[in-house]
Amino acid sequence: MTKRVAILISGGGSNMVTLVDSMTGDHPARPVLVLSNIEGAGGLARATERGIPTATVPHKDYGGDRAAFEAELNRVLEEVAPDIICLAGFMRVLTEEFTRKWQGRMLNIHPSLLPKYRGLHTHRRALEAGDREHGCTVHEVTAELDGGPILGQATVPVYDGDTEETLAKRVLGMEHQLYPEVLRRYAAADRTPVVLSISS
Ligand code: GRF
């Protein structure tokens, strides 16, 4: 049975694009919705170009009331009945209640080699620590921020002279390889970890 995938974004949606473009042919999943918490997010137009239905639930309309915001998220999501939710550049912290409702069906990609550097500014933190390698992680979402079971990681080298921008670009390029491969396995109930790296 083809799995129905909803993708949540906040910005340009480059990860959403690679996920959508990967779900073709014998892939066990298909995209059914791209949902943004930001009106006019660039990814919405890219989803529409690909014929994917979109929706916007602006968190700013709920004045900090996370429960009300997430109740609307759930209403919109339940209309498409996703089997899997992919957070892809989605920049809102979700409550324990929301994550519990979707636990076991929700993935996120985080730009660090978890458990290192949970939270924000991961590239800056890796550079400040003098790390010689960095990367990204896809994990199941649980109530623990950036803490769920890891389903895949991709490693990149850190070069002398790297800036936040050059490192972020290198990591993003690997995100675009990692997330589609993890989703393909996850949709086929295969939890074999995906391990990728680029040579130094
Ligand atoms: C990027 O910083 C990426 O590392 C993280 O979310 C941000 C935006 O990604 N996963 P996208 O281009 O909107 O997918």
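Residues numbered from 1 in each chain as written. Predicted model: local features only at pLDDT ≥ 70, side-chain atom pairs only at ≥ 80, totals over all residues. Heavy atoms only, no water.

Here's the deal with unusual backbone geometry
Logical step 1: The omega angle of the peptide bond from L114 to P115 is 10°, so this bond is cis rather than trans.
Logical step 2: The residue P115 is located in the loop between strand 5 (106-110) and helix 5 (122-128) in this model.
Logical step 3: Of note in this structure, H121 is not a glycine but carries a positive phi near 50°.
Logical step 4: Relative to the helices and strands, H121 is located in the loop between strand 5 and helix 5.
Logical step 5: Although it is not a glycine, A189 sits at a positive phi angle of roughly 60°.
Logical step 6: With respect to the helices and strands, the residue A189 is situated in the loop between helix 6 (164-187) and strand 8 (194-197). (Helix = DSSP H or I, 4+ residues; strand = E, 2+ residues; numbered from the N terminus.)

Overview of the packing of helix 1 (residues 14-22) against helix 2 (residues 42-49)
Logical step 1: Orientation of helix 1 relative to helix 2, taken along the N-to-C sense of each, is 15°, at an axis distance of 9 Å. With respect to helix 2, the element helix 1 is oriented roughly parallel. Helix 2 is crossed by helix 1, and the crossing has right-handed handedness. Here S14, M16 and V17 of helix 1 lie close against helix 2, whose contacting residues are G43, R46 and A47.
Logical step 2: Grouping the constituent residues of the contact of helix 1 with helix 2 by class yields three nonpolar, two polar and one charged. (Axes fitted to C-alpha atoms, helices over the stretch in contact; angles between N-to-C directions. Parallel < 35°, antiparallel > 145°, perpendicular 65-115°, else oblique. Left-handed = near helix turned anticlockwise from the far one by under 90°. Contact = heavy atoms within 4.5 Å. Nonpolar A, V, L, I, M, F, W, Y, C, P; charged D, E, K, R; others polar.)

Quick look at the site of the ligand
Logical step 1: What surrounds the ligand is the set G12, G13, S14, N15, G89, I109, P111, L172 and E175.
Logical step 2: Between the ligand and the protein, one listed contact pairs an oxygen atom with a backbone N or O atom of G13 at 3.0 Å.
Logical step 3: At 2.8 Å, a backbone N or O of N15 approaches an oxygen atom of the ligand.
Logical step 4: In the complex, the protein chains occlude 76% of the 370 Å² of accessible area that the ligand would expose alone.
Logical step 5: The pocket occupied by the ligand, as judged from atoms lying within 2 Å of grid points, is the largest pocket.
Logical step 6: Of all the secondary-structure elements, those providing two or more residues to the shell around the ligand are helix 1 and helix 6. (Near = heavy atom within 4 Å. Polar contact = N/O pair within 3.5 Å; in protein donor to acceptor, adjacent residues only side chain to side chain. Areas by Shrake-Rupley, 256 points an atom, 1.4 Å probe, with all protein chains shown as cover. 1 Å grid on protein atoms, 1.4 Å probe; cavity = no way out; pocket = protein on both sides within 12 Å on 5 of 7 lines; lining within 4 Å. Sits in = over half its atoms within 2 Å of the grid points.)

Details of the pairing of strand 1 (residues 3-9)
Logical step 1: By the criterion of burial, strand 1 is predominantly enclosed, with five of the seven residues buried.
Logical step 2: Here strand 1 runs beside strand 2 (residues 29-36); their pairing, made up of seven bridges, is parallel. Bridge pairing in strand 2 links L8 to L35.
Logical step 3: Following the backbone out of strand 1, through helix 1 and into the adjacent parallel strand 2, one traces a crossover that is right-handed.
Logical step 4: For strand 1 and strand 4 (residues 84-87), the ladder comprises four bridges, and the chain directions are parallel. Each bridged residue has a counterpart across the sheet, and for I7 the counterpart in strand 4 is C86. (Buried < 20%, exposed > 50% of the residue type's maximum accessible area, 1.4 Å probe, protein only. Pairing = 2+ DSSP bridges. Right-handed = clockwise from strand over helix to strand, strands pointing away.)

Observations concerning the domain arrangement of the protein
Logical step 1: For the protein, the domain assignment lists domain 1 (1-102) and domain 2 (109-200).
Logical step 2: Each of domain 1 and domain 2 was reduced to a C-alpha centroid, and the two centroids are 20 Å apart.
Logical step 3: Roughly 1500 Å² is buried in total at the junction of domain 1 and domain 2, and carbon and sulfur atoms are behind 69% of that figure.
Logical step 4: Between domain 1 and domain 2 we count one salt bridge in total.
Logical step 5: Linking D26 and R184 is a salt bridge whose minimum nitrogen-to-oxygen distance equals 3.8 Å.
Logical step 6: Taken together, domain 1 and domain 2 are joined by three residue pairs in polar contact (both at pLDDT 80 or more).
Logical step 7: Tallied by class, residues from the side of domain 1 that touches domain 2 come to 11 nonpolar, six polar and three charged. (Domains from an automatic or database assignment. Buried area = accessible area lost by both parts, 1.4 Å probe. Salt bridge = Lys/Arg side-chain N within 4 Å of Asp/Glu carboxyl O.)

Notes on the environment of M23
Logical step 1: In this fold, M23 is placed in the loop between helix 1 and strand 2.
Logical step 2: Classification of M23 as buried rests on a relative accessible area of 3%.
Logical step 3: In this structure the C-alpha to C-alpha distance between M23 and R184, which are 161 residues apart in sequence, comes to 8.0 Å.
Logical step 4: Those residues in contact with M23, other than ones at most four positions away along the chain, are V5, I7, A29, R30, P31 and L183.

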